[in-house]
Amino acid sequence: MPAATAQARPADSAAAGHWRTPARLCECRRCGLFQRVPSLLPGQSARCLRCQTLLRRAQTDPLDRALALNLAALAAFILTCLMPLMTVSTAGMVRHANLLSGPEDMGSSGLWELSLVVLFTTLMAPALKILAMLYVLLGLRLRRPLPNLRRVFALVEHLRPWAMIEVFLLGVFVAYTKLIDLVHIDIGIALYALVALMLAMIAADAVLDRQAVWEAMERPGIAHAAIDHAASVARATAPGAQGCHSCGLVCQPAEHDAECPRCGSRLHARRPNAIVRAWALLIAAAILYAPANIYPVLQVIQLGAGAPSTILGGVVELLGAGMYPLAALVFFASVAVPILKVIGLGVLLVSCQLGLAARLVDRTRLYGVVNAIGRWSMIDIFMETILVGLVRFGSVVSIEPGVGAIAFCGVVILTMLAAESFDPRLMWDAAGLNPGRSLASETS
Ligand SMILES: [Zn+2]
Ligand SMILES: [Zn+2]
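Computed from a predicted model, the values in this text were never measured in an experiment.

K.L.:
Go over the sheet that holds strand β4 (residues 34-37), please, and point to the residues and values.
P.N.:
Within the open sheet, the three strands sit side by side as β1-β4-β3. Their pairing is mixed. Looking at which strands have only one partner, the edges of the open sheet turn out to be β1 (4-5) and β3 (24-27). Where β1 and β4 come together, two bridges link them in parallel fashion. Opposite Ala4, over in β4, you have Gln35 as the bridge partner.

K.L.:
Describe a nonpolar patch on the surface, with residues and values.
P.N.:
On the surface, a cluster of nonpolar side chains totalling about 310 Å² of accessible area is made up of Ile339, Ile343, Val347 and Leu366. Looking at which element gives the most residues to the nonpolar patch, the answer is helix α11 (residues 324-354), with three residues. Note that Ile339 resides in helix α11.

K.L.:
Lay out the coordination of the zinc ion (ligand 2) in plain terms, naming residues and giving numbers.
P.N.:
Those protein atoms acting as donors to the zinc ion (ligand 2) are Cys244 (SG), Cys247 (SG), Cys260 (SG) and Cys263 (SG), and they sit at 2.2 to 2.3 Å. Around the zinc ion (ligand 2), the four donor atoms are arranged such that angles at the metal cover 100 to 115°; this shape is classified as tetrahedral. The motif formed by the donor residues of the zinc ion (ligand 2), counted along the single chain, is C-x2-C-x12-C-x2-C. Highlighted residues: Cys244 in the loop between β10 (242-243) and β11 (250-251) and Cys263 in the loop between β11 and α9 (274-294), separated in sequence by 19 residues.

K.L.:
With reference to specific residues and values, describe the side chain of Ser309.
P.N.:
Relative to the helices and strands, Ser309 is located in strand β13 (residues 305-309). Note on Ser309: relative accessible area 6%, which makes it buried. Those residues within four positions of Ser309 in sequence are excluded, and the remaining contacts are Pro296, Val297, Leu298, Gly314 and Glu317.

K.L.:
Tell me what's going on with helix α14 (residues 404-421), and back it up with residues and numbers.
P.N.:
Here α14 contains 18 residues, and its C-alpha end-to-end distance of 26 Å stays within 8% of the 26 Å for a straight helix at 1.5 Å per residue. Most of α14 sits inside the fold, with 14 of its 18 residues counted as buried.

K.L.:
With reference to specific residues and values, describe the coordination of the zinc ion (ligand 1).
P.N.:
In this structure, Cys28 (SG), Cys31 (SG), Cys48 (SG) and Cys51 (SG) serve as the protein donors to the zinc ion (ligand 1), at separations of 2.3 Å. The coordination sphere of the zinc ion (ligand 1) comprises four donor atoms, whose angles at the metal cover 102 to 116°; the geometry is tetrahedral.

K.L.:
Lay out unusual backbone geometry with the relevant residues and their values.
P.N.:
Of note in the backbone geometry, Asn148 takes a positive phi value of approximately 60° without being a glycine. Within the secondary structure, Asn148 is located in the loop between α3 (112-141) and α4 (149-159). Backbone geometry at Arg359 places phi at a positive 50°, although glycine is not the residue there. Secondary-structure assignment places Arg359 in the loop between α11 and α12 (360-373).

Criteria and thresholds
- Residues numbered from 1 in each chain as written.
- Chains lettered and ligands numbered in written order.
- Predicted model: local features only at pLDDT ≥ 70, side-chain atom pairs only at ≥ 80, totals over all residues.
- Heavy atoms only, no water.
- Pairing = 2+ DSSP bridges.
- Helix = DSSP H or I, 4+ residues; strand = E, 2+ residues; numbered from the N terminus.
- Patch = residues over 30% accessible without salt bridge, like charges linked within 9 Å, V, L, I, M, F, W, Y side chains within 5 Å.
- Areas by Shrake-Rupley, 256 points an atom, 1.4 Å probe, with all protein chains shown as cover.
- Salt bridge = Lys/Arg side-chain N within 4 Å of Asp/Glu carboxyl O.
- Donors = N, O, S within 2.8 Å, 3.2 Å for Na, K, Ca; no water.
- Tetrahedral: all angles 85-135°; square planar, octahedral: opposite > 155°, others 65-115°.
- Buried < 20%, exposed > 50% of the residue type's maximum accessible area, 1.4 Å probe, protein only.
- Contact = heavy atoms within 4.5 Å.
- Expected span 1.5 Å × (residues − 1).

Written out as structure tokens, the structure is:
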């Protein structure tokens, strides 16, 4: 059976470029269908024939524009780290905060777990992602390419969901509106730089054609082994063909060498132990959801008297203050999203294990939504970091973090990991739609 050709969508405006992407075989990451992605003009995109997942969007100048935007992001990141984020004052006392103040104060309050998570998601992951992208994009321009380009680019793919600048910025916004009544606030240069950083990072992701990067790595000296694209068409129809998890190349792994010839990653037909891992992480998240909502996430101590506040308590306070849109935002991100994720993933896992064939396209879309929204629950944690870092005015007014925040942060991270562990192609396997694959063969 020849591999079918994915649907190509025309560009919004007439593409003037002469450059076209090469036609390549691929395995859809969401449903496991092998298909041919046709040659595309800049601005055109190709979607999976079966589940409509985006397979590739061709870009004008797919590497150089991303390089320029990553350089801009680096400049904004350096400015964000060096300048003050906010300055608050009350009763003649002034306090400056930068990106590090919150995590430092969280650590000194004994909540070092939270401090590490915030440091990783707002500083380390974005910095690593920008530097790794610059290393890859600059390294590919050199006549003698830099070493380890494949590994560094695979690292970027793993870091992508954990760099949370846009979620952090929303957390800063919520913290700002909560602080207005409590203290006087001046916004620092770092906050403007943070907005620029977020825009540059989103744009850099949007203009990058990841497949074009992997194709640029096919030249000798970078690729792990020789790649024969003509032969891969025959491979896709043979039993045992696999799409590489990291770079998407369709391979026919030999018994002795189960490594992708292009990126060197280990090949697996499906994510290993996907269902067991996803269940374990999901159950752990559901258990932590109770303490996350019962224990206070923060405590405002004003003139010696303190009132601990839970996540729902925070929403009620915002409602009481008349900030309805903000209350809706915090309720959605902190209360609704974790519940929807746990229920959504549970439904996907059960329907997969029962081998249901109904609404597969809808369930695949649900997986995409569950996977994408999880990180937005971190708004509450980031807001708290800002509040704790800024409001430290002794007995006049100060904000202390609560243990509920650790449990809540655990819920967010565990549900993100659970969604990443699950492999939506298993639902299509279980329904018997991927020839030669069944759920039993993956789990045994
Ligand atoms: Zn698909
Ligand atoms: Zn690969």
